[in-house]
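# Coordinate analysis (summary)
Given next are the chains, with one letter for each unit.
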Amino acid sequence: DAKTTQPNSMESNEEEPVHLPCNHSTISGTDYIHWYRQLPSQGPEYVIHGLTSNVNNRMASLAIAEDRKSSTLILHRATLRDAAVYYCITGDSSYKLIFGSGTRLLVRP
Amino acid sequence: DTAVSQTPKYLVTQMGNDKSIKCEQNLGHDTMYWYKQDSKKFLKIMFSYNNKELIINETVPNRFSPKSPDKAHLNLHINSLELGDSAVYFCASSRLTGTPYEQYFGPGTRLTVT
């Protein structure tokens, strides 16, 4: 499974967009890119996933670089509830999520 | 409605005891998982069952034994508990086909071994 690199922490102001980067330079052609987040004292929560094309859903957008070696999770308007640890995960169809240390997002009111 | 539920939410026990954590999902998923999150917050997969069959078994001590009586349940039994077993244990489930990796997690069981 490909290894991912994320900043340890990021800060944002409430109601501003947030761009969370992830590097996955060893990703293989069949690996998906997944994002999960973990709010304090809760289990991880699925956010979004993609393979090659950019993806949008009600929670966020995922922008994938053309060479697939990096991706960016975009929260369009951060709220206090978005303060969490965000995990970028890549992998094939083995159903196995390998979590790294993630990015802790702090949202300032 | 709770999608993935775990009981108990908190479990405090002494070294050497045997304990079980139960997990149930009402999503109709075929695959269920157990993860362990230690004090440093690293989340690691332990086991995965698909249709009651073990498909992922990471390097976990034999004292840990998952049991899946049916597709909706995956219980975790731990024998001879040790201090290092203290952690938060998360259960998760997903469909076997369709969206890959979209796993739904339970609220966690905080196990404290004294």
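For clarity, every value in this text was computed on a predicted model and none was experimentally measured.

### Points about empty space enclosed by the protein
Residue and element names in this part refer to chain B. Applying the stated rule across the entire model yields one cavity of 30 Å³ or more. Space inside the largest cavity adds up to approximately 30 Å³. The wall of the largest cavity is formed by Asp30, Met32, Tyr49, Asn51, Lys52, Ser68, Asp70, Lys71 and His73. Broken down by class, the residue content of the lining of the largest cavity amounts to two nonpolar, three polar and four charged.

### Comments concerning the pairing of strand E2 (residues 18-23) of chain A
Residues and elements named next belong to chain A. Alternating residues of E2 divide into Val18, Leu20 and Cys22, all buried, and His19, Pro21 and Asn23, none buried. Looking at chain direction, E2 and strand E7 (residues 70-75) are connected through six bridges and run antiparallel. What sits directly across from leucine 20, in E7, is leucine 73.

### Description of the layout of surface pockets
Within this model, the largest pocket holds a volume of roughly 480 Å³. Taken together, the elements giving at least two residues each to the lining of the largest pocket come down to strand E8 (84-91) of chain A together with strand E9 (87-94) and strand E11 (109-113) of chain B. Each residue belonging to the lining of the largest pocket can be placed in one class, and the counts come to nine nonpolar, nine polar and five charged.

### Considering the packing of aromatic side chains
A full pass over the atoms with the stated rule returns nine aromatic pairs over all chains. Their ring planes at 90 degrees and their centres at 5.0 Å tell us that tyrosine 87 of chain A and phenylalanine 99 of chain A sit as a pair that is edge-to-face. In this pair, tyrosine 87 of chain A sits in strand E8 while phenylalanine 99 of chain A sits in the loop between E8 and strand E9 (103-108), placing the two residues 12 residues apart along the sequence. Looking at tyrosine 87 of chain A, the relative accessible area reads 2%, which means it is buried. With centroids separated by 5.1 Å and ring planes inclined at 45 degrees, the aromatic side chains of tyrosine 35 of chain B and phenylalanine 105 of chain B adopt a geometry described as tilted. With tyrosine 35 of chain B in strand E4 (residues 31-37) and phenylalanine 105 of chain B in strand E10 (residues 104-105), the pair connects residues that are 70 residues apart, well separated along the chain. Considered together, tyrosine 35 of chain B and phenylalanine 105 of chain B belong to a single accessibility category, that of buried residues.

### Notes on the environment of asparagine 62 of chain B
Looking at the element boundaries, asparagine 62 of chain B is found in the loop between strand E6 (53-57) and strand E7 (64-70). Judged by its relative accessible area of 76%, asparagine 62 of chain B is exposed.

### A few points about the state of the cysteines
Residue and element names in this part refer to chain A. Inspection of the entire model under this criterion finds two disulfides over all chains. Disulfide pairing places cysteine 22 opposite cysteine 88 at an S-S distance of 2.1 Å. With the S-S bond torsion at -80 degrees, the cross-link from cysteine 22 to cysteine 88 turns out left-handed. With cysteine 22 in strand E2 and cysteine 88 in strand E8, the pair connects residues that are 66 residues apart, well separated along the chain.

### Here's the deal with a positive patch on the surface
A contiguous patch of positive charge, built from Arg104 of chain A together with Lys9, Lys41 and Arg110 of chain B, is present on the exposed surface. You can see arginine 104 of chain A is positioned in strand E9.

### Some points on the sheet that holds strand E4 (residues 45-50) of chain A
All names here are of chain A. Taken in spatial order, the five strands of this open sheet run E1-E9-E8-E3-E4, and their pairing is mixed. If you trace the sheet from one side to the other, it starts and ends with strand E1 (9-13) and E4, each paired once. Going across the sheet, the axis of each strand differs from the next one's by a mean of 25 degrees, ignoring polarity. Where strand E3 (residues 32-38) lies against E8, seven bridges are found, and the strand directions are antiparallel. Note that in E8 the partner of tryptophan 35 across the bridge is cysteine 88.

Rules and cut-offs
- Residues numbered from 1 in each chain as written.
- Chains lettered and ligands numbered in written order.
- Predicted model: local features only at pLDDT ≥ 70, side-chain atom pairs only at ≥ 80, totals over all residues.
- Heavy atoms only, no water.
- 1 Å grid on protein atoms, 1.4 Å probe; cavity = no way out; pocket = protein on both sides within 12 Å on 5 of 7 lines; lining within 4 Å.
- Points joined across faces, edges and corners; volume = space filled by probe spheres on them.
- Nonpolar A, V, L, I, M, F, W, Y, C, P; charged D, E, K, R; others polar.
- Buried < 20%, exposed > 50% of the residue type's maximum accessible area, 1.4 Å probe, protein only.
- Helix = DSSP H or I, 4+ residues; strand = E, 2+ residues; numbered from the N terminus.
- Pairing = 2+ DSSP bridges.
- Phe/Tyr/Trp six-rings, centres within 6.5 Å; stacked < 30°, edge-to-face > 60°.
- Disulfide = S-S within 2.5 Å.
- Patch = residues over 30% accessible without salt bridge, like charges linked within 9 Å, V, L, I, M, F, W, Y side chains within 5 Å.
- Areas by Shrake-Rupley, 256 points an atom, 1.4 Å probe, with all protein chains shown as cover.
- Salt bridge = Lys/Arg side-chain N within 4 Å of Asp/Glu carboxyl O.
- Lys, Arg positive; Asp, Glu negative; His and termini not counted.
- Charge placed at Lys NZ, Arg CZ, Asp CG, Glu CD.
- Axes fitted to C-alpha atoms, helices over the stretch in contact; angles between N-to-C directions.

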